[in-house]
Amino acid sequence: MALILAIETSCDDTCAAVLDGPRILANTISAQADAHARFGGIVPEVASRHHLELTVPVVEAALAEAGASLDDVEAVAVTVAPGLIGALLVGVSTAKAIAAPRRLPLIPVDHLQGHVAANFLEPEPLQPPFLCLVASGGHTLLAAVRDRAGHEVLGQTLDDAAGEAFDKVARLLGLGYPGGPALERLAAEGDPGGFELPIAMSRDPGLDFSFSGLKTALVYLCRELGPDGVEERRADLAASFQAAAVGQLTAKLERALRGGEWGAVALGGGVAANGSLREAVAALCERRGLRLKLVPGELCTDNAAMIGSAARFAPRLPYPDYLAYDAFAGGGQPAA
Amino acid sequence: MERAAAAAGGWGAVGRIAVGLGPGSFTGLRVGIATARALGVSLGLPLAGVCTLDALGRALGERDGGGSSRLAVLDARRDEVFAALYAASGERLWEPSVCSPADLAERLEGLPAPPLGAGSGAVRFHDELVSCGVEIPDDADPVHRVAARHICALAAAGPDGGDGGPLAPIYLRPPDAERWRERDTFQRDE
Ligand SMILES: [Zn+2]
């Protein structure tokens, strides 16, 4: 066997995967959500401590699930950016030290290219060219994918990530962390037209996103309503926020689609699990006669299979060239 | 590391991976321990963790010939030190702890005889410690640096056949407010 072992530790999930070409043999994730819930968000030092405890056990679990040993592995892939630097370092140190004594090549992978490359995995690999929208707690990315080796960033968030805005508004409405799914449930009971919220960036000719203004508008709205008013209209607030956020995502996607010839749209990232976003993007694709690829749930949130998938089309660093190689937090955006 | 293994006759000649568990910089500790754990998995070798202060204590013992008690002090940043005390026999008298140099000085007052001290913290807070009677070698003395060979010596002296189980880093500090700022800064930079 000539397998790729992939490791992903850029944010709060410790992930390892084993791939045989585009086929996933194992995709293991050890989520840390509980550890961060009491802080109401991700604390980098807490994340790093957990990654250290979990990375080797998760790698061993992935190999066991794949029915493989390290002798079957021909290359080790690892996320090197963007993300929390301390968290990335645990994954990179681990990958290097697994690869080096075996003289295996190391494949450094960009986390966002990983989200894009989730589309190249079986059972239904998507062929470029396509437009890819990734919306999660860490990123909001609109990318043009013309080949499998990379992507062109058409737009990204200028402030909060989409999922981060969902989490912050959920906290505002007393829904706990992470609040995305709870907010969606609450929104289902409310009136999306209950409050007039601005669709940010709608007059901006570019393809970038912004969610902090929407969150701020909600903060003011809650202040105006007062605790009792908020309590009474929580569902309407949630529904109105969700409608504005989804509206912005789909408006930018539609604008990007008008700018080129695209056969398909891929929707990924944790926020892609949001039913209202899925419906809006599906309707848009239907109107324009495009194929919609919904990245499967376990490949939407951070995972190592997508890193292994990106690694298949990325340059390999031979031993010993990578011994001095380090993770870098660059890219300007934390991963999630 | 690769050079050390090559000098030993290749990884095949290595029977166990020893690693310093700290205390020290959180990130540095994790890079070291993650590397050791992964080497252990890659090579199928058992691991042995060693307290970094113990390694300093041992270095002092070698130098001193075992005449007096030894104080291992590492600079913990933020005007604090990591410290542990060892008897002339090598036995650990104080468990590793993090404290201010003033608190350390106060503890030292209670000792029957002043110890010999070494480590980055002993260099940084040289005057404070010397005024408590601690004897500290010259700043340039190699005894102040944690040496991998002392980690190995302690690992070799420790219980045999480590099981490769979890090696707990010795953080001595909880994730704290500074890390919160790191998070906030990070999100602003986004
Ligand atoms: Zn991500």
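Residues numbered from 1 in each chain as written. Chains lettered and ligands numbered in written order. Predicted model: local features only at pLDDT ≥ 70, side-chain atom pairs only at ≥ 80, totals over all residues. Heavy atoms only, no water.

**Student:** Just checking my understanding: could you explain the side chain of aspartate 302 of chain A for this structure?
**Tutor:** All names here are of chain A. Mapped onto the secondary structure, aspartate 302 falls in the loop between α10 (297-300) and α11 (305-311). Taking relative accessible area as the criterion, aspartate 302 reaches 3% and is therefore assigned buried. Within the local environment of aspartate 302, its side chain forms a polar contact with the side chain of histidine 115, the two groups lying 3.1 Å apart. (Helix = DSSP H or I, 4+ residues; strand = E, 2+ residues; numbered from the N terminus. Buried < 20%, exposed > 50% of the residue type's maximum accessible area, 1.4 Å probe, protein only. Polar contact = N/O pair within 3.5 Å; in protein donor to acceptor, adjacent residues only side chain to side chain.)

**Student:** Explain the nonpolar core to me, please; I cannot follow it from the model alone.
**Tutor:** Most often, soluble globular proteins keep nonpolar side chains buried together rather than apart. All names here are of chain A. Judged by nonpolar contacts, the single largest core of 79 residues is most densely connected at Leu173, Phe241 and Leu253. Per-element tally for this core: the top contributor is helix α8 (residues 234-258), with 12 residues. Mapping this core onto the domain boundaries places at least three of its residues in each of domain 1 (3-120 + 302-324) and domain 2 (130-294). Every residue in contact with phenylalanine 241, bar those within four places of it in the chain, is listed here: Ala165, Phe166, Val169, Leu183, Leu197, Leu214 and Leu218. Among the nonpolar cores identified, the runner-up in size contains 58 residues, and Leu3, Val18, Ala95 and Ala327 belong to it. (Core = buried A, V, L, I, M, F, W, Y, C linked by side-chain atoms within 4.5 Å. Domains from an automatic or database assignment. Contact = heavy atoms within 4.5 Å.)

**Student:** I would appreciate a short explanation of helix α2 (residues 26-43) of chain B in the present structure.
**Tutor:** Because each turn of an α-helix spans 3.6 residues, side chains separated by three or four positions end up pointing in the same direction. Residue and element names in this part refer to chain B. Taking 1.5 Å of rise per residue, the 18 residues of α2 would be expected to cover 26 Å, and the 26 Å separating its terminal C-alpha atoms lies within 8% of that figure. Phe26, Leu29, Arg30, Ile33, Ala34, Thr35, Ala36, Arg37, Ala38, Leu39, Gly40 and Ser42 are the residues of α2 that are buried. The positive-phi residue at the C-terminal boundary of α2 is glycine 44, with phi of around 70 degrees. (Expected span 1.5 Å × (residues − 1).)

**Student:** Explain the packing of aromatic side chains here, please?
**Tutor:** For any pair of aromatic rings, the description rests on two quantities: the centre-to-centre distance and the angle between the ring planes. Counted according to the given criterion, the structure contains 6 aromatic pairs over all chains. When the centroid spacing of 6.2 Å and the interplanar angle of 65 degrees are considered together, the rings of phenylalanine 120 of chain A and phenylalanine 130 of chain A count as edge-to-face. Of this pair, phenylalanine 120 of chain A sits in the loop between α4 (111-117) and β6 (130-135) while phenylalanine 130 of chain A is found in strand β6, placing the two residues 10 residues apart along the sequence. For the residue pair phenylalanine 120 of chain A and phenylalanine 130 of chain A, the accessibility class agrees, reading buried in each case. Measuring from centroid to centroid gives 5.7 Å for phenylalanine 120 of chain A and phenylalanine 313 of chain A, while their planes differ by 85 degrees, and the two rings are edge-to-face. Note that phenylalanine 120 of chain A is positioned in the loop between α4 and β6 and phenylalanine 313 of chain A in the segment after α11, a separation of 193 residues in sequence. Given the relative accessible area of 2%, phenylalanine 120 of chain A is considered buried. Grouped by ring-pair contacts, the aromatic residues Phe120, Phe130 and Phe313 of chain A constitute a single cluster. One residue, arginine 49 of chain A, lies across the ring of phenylalanine 26 of chain B, its end atom 4.6 Å from the ring centre. (Phe/Tyr/Trp six-rings, centres within 6.5 Å; stacked < 30°, edge-to-face > 60°. Lys NZ or Arg CZ within 6 Å of the ring centre and 35° of its normal.)

**Student:** Please clarify how the domain arrangement of chain B should be interpreted in this entry.
**Tutor:** Residue and element names in this part refer to chain B. By domain assignment, chain B separates into domain 1 (15-51 + 147-189) and domain 2 (56-144). Summed over the three residues of domain 1 that lose the most area to domain 2, namely His150, Leu172 and Arg173, the buried surface amounts to 48% of that side. Between domain 1 and domain 2 we count 2 salt bridges in total. For arginine 149, the salt bridge is made with glutamate 62, and the minimal N-O distance between the two is 3.5 Å. Across the contact surface, domain 1 and domain 2 share 5 residue pairs in polar contact (both at pLDDT 80 or more). For the side of domain 1 that touches domain 2, the element with the highest residue contribution is helix α7 (residues 148-157), accounting for 4 residues. (Buried area = accessible area lost by both parts, 1.4 Å probe. Salt bridge = Lys/Arg side-chain N within 4 Å of Asp/Glu carboxyl O.)

**Student:** How should the pairing of strand β1 (residues 3-8) of chain A be read in this particular structure?
**Tutor:** Every other side chain in a regular strand lies on the same face of the sheet, so the side chains alternate between the two faces. Residue and element names in this part refer to chain A. Within β1, 6 of the 6 residues are buried, which leaves it mostly tucked inside the rest of the structure. Alternating residues of β1 divide into Leu3, Leu5 and Ile7 and Ile4, Ala6 and Glu8, and every residue in both groups is buried. What sits between the antiparallel neighbours β1 and strand β2 (residues 13-20) is a turn of 4 residues. (Pairing = 2+ DSSP bridges.)

**Student:** What should I look at first to understand the sheet that holds strand β6 (residues 116-118) of chain B in this one?
**Tutor:** Hydrogen bonding along the main chain pairs the strands of a sheet, whether they run parallel or antiparallel. Residue and element names in this part refer to chain B. The 4 strands are arranged β5-β4-β3-β6 in an open sheet whose pairing can be described as mixed. Only two strands of the sheet have a single neighbouring strand rather than two, namely β5 (92-99) and β6. Direction aside, neighbouring strands of the sheet carry axes that sit 15 degrees apart on average. Relative to β5, strand β4 (residues 81-86) runs antiparallel, the two being bridged by 5 bridges. Bridge pairing in β5 places tyrosine 86 opposite arginine 92. The sheet strands contacting helix α3 (residues 52-64) are β3 (70-75), β4, β5 and β6, and the helix crosses β3 at an angle near 135 degrees. Running over the sheet, helix α4 (residues 101-109) touches β3, β4 and β5 and is turned about 155 degrees from β5. (Axes fitted to C-alpha atoms, helices over the stretch in contact; angles between N-to-C directions.)

**Student:** I keep staring at the packing of helix α5 (residues 162-172) of chain A against helix α7 (residues 212-232) of chain A and nothing clicks. Help me out?
**Tutor:** For any two helices packed against each other, one specifies the inter-axial angle together with the distance between the axes. Residues and elements named next belong to chain A. Contact geometry of α5 with α7 gives a least axis separation of 10 Å together with a crossing angle of 10 degrees. As summarised for this structure, α5 and α7 are arranged roughly parallel, according to the angle between their axes. When α5 is examined against α7, the residues Lys168, Val169 and Leu172 are found in contact with a partner set consisting of Lys215, Leu218, Val219 and Cys222. (Parallel < 35°, antiparallel > 145°, perpendicular 65-115°, else oblique.)

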